[in-house]
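So the chains spell out like this:
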Amino acid sequence: MPVVKVLTAGIGEVDLRDIDVYRKRGGYEQWKRAVTEMEPSAILDMTMKSGLRGRGGAGFPTGRKWSFLPDNGRPRYLVCNSDEAEPGTFKDHMLLEETPHQVLEGLLIAAYSIGSNHAFIYIRGEFKRAYSIFLAAVEQARAAGFIGEKLFGTDRAVEVTVHRGAGAYICGEETALLNSLEGKRGEPRLKPPFPAVKGLYGEPTVVNNTETVASLPHLLKHGVEWFTAMGTEKSPGPKIVSVSGHVRKPGNYEVPLGTTLRELLELAGGPRNGRAIVAIQPGGGSSACLFAEHLDLAYDFETMAQNGTMLGSGAVVFFDDSTDFVKAAHALVRFYAHESCGQCTPCREGGHWLEITLERLIEGGGLESDIDMLLKVSNQLTGINLCPLGDSIEPFLASVVKRFEAQFRAYVSKPEAVSAR
Amino acid sequence: MNGALERRDFHEVLRQVKPEAERLITLYPEKRSALLPILHAFQNVEGWVSPEAMDTAGEMLDLPRSVVESTASFYSLFFRRPVGKYMLQPCRNLSCIINGAYETNAYLRGQLGVGHLETTEDGLFSYEEVECLAACDRAPCMQVNLEFVYDLTPQKIDEMLAAMRAGTYDVAPLPQTVKPARSWHVGPEPMGKSPGARDVPDPNDPGGLGDRTGVAMLERLARDPEPIRVRPTRERLVVDGDAILEAEAGEVERSEH
């Protein structure tokens, strides 16, 4: 089985929330090495060469993201995005609660390598426990001299602020996150300018996902070759995959990118009660479904993209043949309608109309024409919004309507009312 | 404002929250960033974000109350009306519903006797169905006062509710300074009329502007059944624009002579 233990090493065996335990395993050595022995440009160079891609959803190369910062002498900020709320994703939740120091060390290294002396971490409002755990980790690290002024006897300084959100999926979008961090409504900004040019408080800013920064200490420790030896050419490194749905052992599995979906299914214990897997959502709520014939595809950024979907945040949901895809589509559409910030009309109105159309279908008042309308409306609200939230409605909905059209048609001819929830 | 609100001692709340709020402001390069943390701090003490709390946050951060309220209203975890002592938030997203969340949620609602965004009569429980809580490996899941409960079953729900009613549940209840109403959902408030408009009928009332326009339209149609042709925007802009320019030019010429 292609399991690796990099970011997940030690979880469930020892208490990595304790800084002493973390340090005994080599923790904070890379942070010390970075500050005392390495120039920021050397770390940027390593990250570029490693091909590390953002683990939050878009898969943008991390080194390139850092390299976009203008050299204009303005203060720079690093923001770690821990607003994990993509349906099906629960990797950052685990990292924050189980190995906060690993995330913190990565955060510090990332801040150092972009030349920022003030880093922020935006933790999802619902993660109250993770927030307390992370605050405690920051205090432990501060007491040990890893945060603050005169780091390791040099004149380097770094400050870390732990910020907690208050319940809004859209704040996972980086410009919405920055607005929220500035104390505003979490509404995405018009881009460009991108955060690298005008981000937090209008200054050059990098927003990186939790898992991305947590990968950095390992990259520094083991080097570029070790990192690129794992995974595929365009998707190197280990990736935590959140597997859920109709499997016997749902959970987080750390695998090299390029592992097949079937191997992931086997890792998660396979389907339940001898049922057959008929669909797979490979990259969180915003990704299109793959189907049984795709089980042998490699799970990496490029293969997923070639097959019309995406790796996204690394959340794989398996659906067996007992699934009601009309209700599944309704739940996801309702989610996007609920979480739309309301700035762009297509997303705000389109999401709502799709939700009530599906609700009517389930409750027994649907029309034959509704099925075409679902496809038409979801297609028309795509690509014309400020941020990708509106565009996230179509992929799953369209893929299951096309594949399981009979299930949708069956609701039309079903005269008796069923509760939509 | 909500009629259920009672007068209470806000000074005691302030005494607890203000030092913390002042500390929070120092953590950020710009103080407005402390808005969400300050609202969290008030909610931790009061159990909700009261109008007084929003006023205080605004004063501390030099923000108008409207801005504070607008921001607070964006975030679903800020309750702008009092809620129950146990905020029960089961997930209704994909991984949970394909693992039986609709059944467990319906069971929970049945046991409580309330629906989405509602609080029980005794003020003990509030119920809100929420989106993915990032615990899909233990579906169906829920949060109780933001602490996770995993692998929900009717039996687990029964035990949980019994412990909460008996006061032995291991998650602390939320503070409750004011008795909650049936719902904490804040909808649009009925619009008041400005003083000058008090005696003017609403546009759609009989005799109102909209009504008169409608009557005028019907009268016109009765006289002349030919429908009004609405010209395309481009035509209106170009043709009318040229005509207006010509007319203006004519006027200028006339005035010059």
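Our structure is the block above this text.
Procedures and definitions
- Residues numbered from 1 in each chain as written.
- Chains lettered and ligands numbered in written order.
- Predicted model: local features only at pLDDT ≥ 70, side-chain atom pairs only at ≥ 80, totals over all residues.
- Heavy atoms only, no water.
- Helix = DSSP H or I, 4+ residues; strand = E, 2+ residues; numbered from the N terminus.
- Axes fitted to C-alpha atoms, helices over the stretch in contact; angles between N-to-C directions.
- Left-handed = near helix turned anticlockwise from the far one by under 90°.
- Contact = heavy atoms within 4.5 Å.
- Nonpolar A, V, L, I, M, F, W, Y, C, P; charged D, E, K, R; others polar.
- Buried area = accessible area lost by both parts, 1.4 Å probe.
- Salt bridge = Lys/Arg side-chain N within 4 Å of Asp/Glu carboxyl O.
- Polar contact = N/O pair within 3.5 Å; in protein donor to acceptor, adjacent residues only side chain to side chain.
- Pairing = 2+ DSSP bridges.
- Core = buried A, V, L, I, M, F, W, Y, C linked by side-chain atoms within 4.5 Å.
- Buried < 20%, exposed > 50% of the residue type's maximum accessible area, 1.4 Å probe, protein only.
- Domains from an automatic or database assignment.
- Arc of directions from axis to C-beta.

**Considering unusual backbone geometry**
A negative phi angle characterises most non-glycine residues, just as the trans form characterises most peptide bonds.
Working step 1: Geometrically, the link from A:Pro192 to A:Pro193 is a cis peptide bond, its omega value of 5° lying close to zero.
Working step 2: Mapped onto the fold, A:Pro193 is located in the loop between α8 (174–181) and β4 (205–209).
Working step 3: Residues B:Ala139 and B:Pro140 are joined by a peptide bond in cis, for which omega reads -10°.
Working step 4: Structurally, B:Pro140 is set in the loop between β3 (125–127) and β4 (142–144).
Working step 5: Even without being glycine, A:Phe152 reaches a positive phi, approximately 50°.

**A few points about the packing of helix α1 (residues 10–25) of chain B against helix α3 (residues 51–61) of chain B**
Residues and elements named next belong to chain B.
Working step 1: Running from N to C, α1 and α3 cross one another at 35°; their axes reach a closest spacing of 11 Å. By crossing handedness, the relation of α1 to α3 is classed as right-handed. Contact with α1, carried on its side by Phe10, Leu14, Lys18, Ala21, Glu22 and Ile25, involves Glu52, Ala53, Thr56, Met60 and Leu61 of α3 and no other residues of that element.
Working step 2: Taken together, the residues of the contact of α1 with α3 sort by class into 7 nonpolar, 1 polar and 3 charged.

**So, the interface of chain B and chain A**
Working step 1: Facing the 42 residues of chain B at the interface are 61 residues of chain A.
Working step 2: When the buried surface of chain B facing chain A is broken down by residue, B:Phe74, B:Leu94 and B:Tyr102 rank first, second and third, together holding 16% of it.
Working step 3: Where chain B touches chain A, the interface holds 1 salt bridge.
Working step 4: In this structure, the salt-bridge partner of A:Arg129 is B:Glu147, at a minimum N-O distance of 2.8 Å.
Working step 5: Applying the counting rule to chain B against chain A returns 22 residue pairs in polar contact (both at pLDDT 80 or more).
Working step 6: Elements with a contribution of two residues or more to the side of chain B that touches chain A: α2 (35–46), α4 (65–74), α5 (94–97), α6 (101–112) and β5 (147–149) of chain B.
Working step 7: For the side of chain B that touches chain A, the per-class residue count stands at 22 nonpolar, 12 polar and 8 charged.

**Comments concerning the sheet that holds strand β8 (residues 290–291) of chain A**
Residues and elements named next belong to chain A.
Working step 1: Strands sit in the order β6-β5-β9-β7-β8 across an open sheet of 5 strands; the sheet is mixed. Either end of the sheet is taken by a strand with one partner, and the two such strands are β6 (251–256) and β8.
Working step 2: Pairing of strand β5 (residues 238–245) with β6, which is carried by 6 bridges, proceeds in the antiparallel orientation. Paired with isoleucine 240 across the strands is glutamate 254, a residue of β6.

**Structural notes on the nonpolar core**
Working step 1: Counting 93 residues, the largest nonpolar core has A:Phe319, A:Phe396, A:Phe408, B:Ile38, B:Leu39 and B:Tyr75 as its most contacted members.
Working step 2: The dominant element in this core, judged by the number of residues it contributes, is helix α12 (residues 325–339) of chain A, at 9 residues.
Working step 3: When residues are assigned to domains, this core turns out to be shared by domain 1 (2–74) and domain 2 (86–166) of chain B, each giving three or more.
Working step 4: Among residues more than four places away in sequence, those in contact with B:Ile38 are B:Ala21, B:Leu24, B:Ile25, B:Ala57 and B:Leu61.
Working step 5: Formed by 60 residues, the second largest nonpolar core is a distinct cluster that contains A:Leu108, A:Val213, A:Ala214 and B:Cys132.

**What about the environment of B:Gln155?**
Residues and elements named next belong to chain B.
Working step 1: Tracing the chain through its elements places glutamine 155 in helix α7 (residues 154–166).
Working step 2: Under the relative-accessibility criterion, glutamine 155 is labelled exposed at 54%.
Working step 3: In sequence terms glutamine 155 and aspartate 202 are 47 residues apart; their C-alpha atoms lie 55 Å from each other.

**Re the sheet that holds strand β1 (residues 77–82) of chain A**
All names here are of chain A.
Working step 1: Reading across from one edge, β3-β2-β1-β4 is the order of the 4 strands in this open sheet, with parallel pairing throughout. In this open sheet, the two edge strands, each paired with only one partner strand, are β3 (159–164) and β4. Each strand of the sheet is rotated relative to its neighbour by a mean of 20°, with strand direction disregarded.
Working step 2: Across 6 bridges, β1 lies against strand β2 (residues 118–123) in parallel orientation. In the sheet register, cysteine 80 faces β2, and the bridge partner there is isoleucine 121.

**Concerning helix α3 (residues 40–50) of chain A**
Residue and element names in this part refer to chain A.
Working step 1: Among the residues of α3, Pro40, Ile43, Met46, Thr47 and Ser50 are the ones counted as buried. Taken around the axis of α3, the buried residues stretch over an arc of 125°, which confines them to a single face. Facing away from the buried side of α3 by over 90 degrees, the exposed positions are Ser41 and Lys49.
Working step 2: On its buried face, α3 is in contact with α2 (29–37), α4 (62–67), α6 (100–113) and α9 (210–229).

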